[in-house]
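Each chain, written out:
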Amino acid sequence: MSDATPQPTPADTSATPAPAVDSQASQDTAAAMANYESEALAKCQAELTELQAKSAELADQYLRAKADVENARRRAEDEVSKARKFALEGFADSLLPVVDSLEAGLAIKDAKVEQIREGSQATLRQLLAALERNKVIVVDPAIGAKFDPHQHQAISVVPSEQEANTVVTVLQKGYLISERVLRPALVTVAAAK
């Protein structure tokens, strides 16, 4: 057995040229990893840039929408303010001829009773027409009409030959404005028999 070639010992294995090959592989791996990391970083940076642009766009849209809402709110407030301020303009305009008629009647110094009565009736017609044009409707229930608690206010219940809960007398006319009671008609109502 002395002729046999000597076997390398474990200590001899470390001296072989294999580590040079491992060094090249690890350099290639490191380069590949660096390349991969570089590509991943570039991709992340591109995504970040894209997301930042989208975020800026959304922030701009938000600010514009907020400004639009604020402008709409301000316009609505202005319109409400103007509506309150000038709500009576049309109504007041329709009452001016009534004022003119009253002033003209008072300007006549030696008016006769008949003239004053005719002038008052004409002025009342003007006033009622002005109210009607502005959706103010007279509530004047007929005698014997059914009592309506939504439009009438009973001042008293009186014995009568009429059917119970019907209007006996109208003490004061009522008024509706756009189908809403402005003032109920004051009436007396027939009592139950």
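Conventions used here
Residues numbered from 1 in each chain as written. Predicted model: local features only at pLDDT ≥ 70, side-chain atom pairs only at ≥ 80, totals over all residues. Heavy atoms only, no water. Axes fitted to C-alpha atoms, helices over the stretch in contact; angles between N-to-C directions. Helix = DSSP H or I, 4+ residues; strand = E, 2+ residues; numbered from the N terminus. Parallel < 35°, antiparallel > 145°, perpendicular 65-115°, else oblique. Contact = heavy atoms within 4.5 Å. Nonpolar A, V, L, I, M, F, W, Y, C, P; charged D, E, K, R; others polar. Pairing = 2+ DSSP bridges. Salt bridge = Lys/Arg side-chain N within 4 Å of Asp/Glu carboxyl O. Buried < 20%, exposed > 50% of the residue type's maximum accessible area, 1.4 Å probe, protein only. Polar contact = N/O pair within 3.5 Å; in protein donor to acceptor, adjacent residues only side chain to side chain. Core = buried A, V, L, I, M, F, W, Y, C linked by side-chain atoms within 4.5 Å. Patch = residues over 30% accessible without salt bridge, like charges linked within 9 Å, V, L, I, M, F, W, Y side chains within 5 Å. Areas by Shrake-Rupley, 256 points an atom, 1.4 Å probe, with all protein chains shown as cover.

For the pair helix α3 (residues 89-107) and helix α4 (residues 113-133), the least separation of the axes is 9 Å and the interaxial angle reads 180°. It follows that α3 is roughly antiparallel to α4 by the angle criterion. Residue-level inspection shows F91, S94, L95, P97, V98, S101 and L102 of α3 in contact with α4, the latter providing T123, Q126, L127, A130, L131 and R133. Taken together, the residues of the contact of α3 with α4 sort by class into 8 nonpolar, 4 polar and 1 charged.

With respect to topology, 3 strands assemble into an open sheet ordered β2-β6-β3, the strand pairing being mixed. Only two strands of the sheet have a single neighbouring strand rather than two, namely β2 (152-158) and β3 (167-172). For this sheet, the mean angle separating the axes of adjacent strands, direction not counted, is 30°. Direction of pairing for β3 relative to strand β6 (residues 185-190): antiparallel, over a ladder of 4 bridges. Bridge assignment links Q172 to a residue of β6, and that residue is L186.

We now examine the pattern of salt bridges. Here the idea is simple: oppositely charged side chains can pair when their charged atoms come close. Applying the stated criterion across every chain yields a total of 4 salt bridges. A salt bridge links E77 to R73; the nearest nitrogen and oxygen atoms lie 2.5 Å apart. Residue E77 and its partner R73 are located together in helix α2 (residues 18-86), separated by 4 residues, close to a single helical turn. R73 gets classed as partly exposed once you look at its relative accessible area, which sits at 39%.

As for its position among the elements, S160 is in the loop between β2 and β3. From its side chain, S160 meets the backbone nitrogen of Q162 in a polar contact 3.1 Å long. Contacts of S160, omitting those with residues within four sequence positions, involve V168, A190 and K193.

Our focus in this paragraph is the nonpolar core. Formed by V139, V167, L176, A185, V187 and V189, the largest nonpolar core amounts to 6 residues. Looking at this core, the element that brings in the most residues is β6, giving 3 residues. Excluding anything up to four places from it in sequence, V187 contacts P141, F147, H152, Q153, A154, I155, S156, V167, T169, V170 and L171.

Read across the sheet, 3 strands follow the order β1-β4-β5 without closing on themselves; strand pairing throughout is antiparallel. Sheet topology places β1 (136-139) and β5 (180-183) at the edges, where each strand pairs with a single neighbour. For this sheet, the mean angle separating the axes of adjacent strands, direction not counted, is 35°. Where strand β4 (residues 174-177) meets β5, 3 bridges bridge the pair, whose relative direction is antiparallel. Counted as the bridge partner of Y175 is R183 from β5.

Attention now moves to a nonpolar patch on the surface. On the surface, a cluster of nonpolar side chains totalling about 280 Å² of accessible area is made up of L124, L127, L128 and V138. When residues of the nonpolar patch are assigned to their parent elements, the largest contribution, 3 residues, is made by α4. Looking at the secondary structure, you find V138 in strand β1.

Let's shift gears to unusual backbone geometry. Located in the positive-phi region is N165, a residue other than glycine, with phi close to 60°. The residue N165 is located in the loop between β2 and β3 in this model. The partly exposed category is assigned to N165, whose relative accessible area is 44%.

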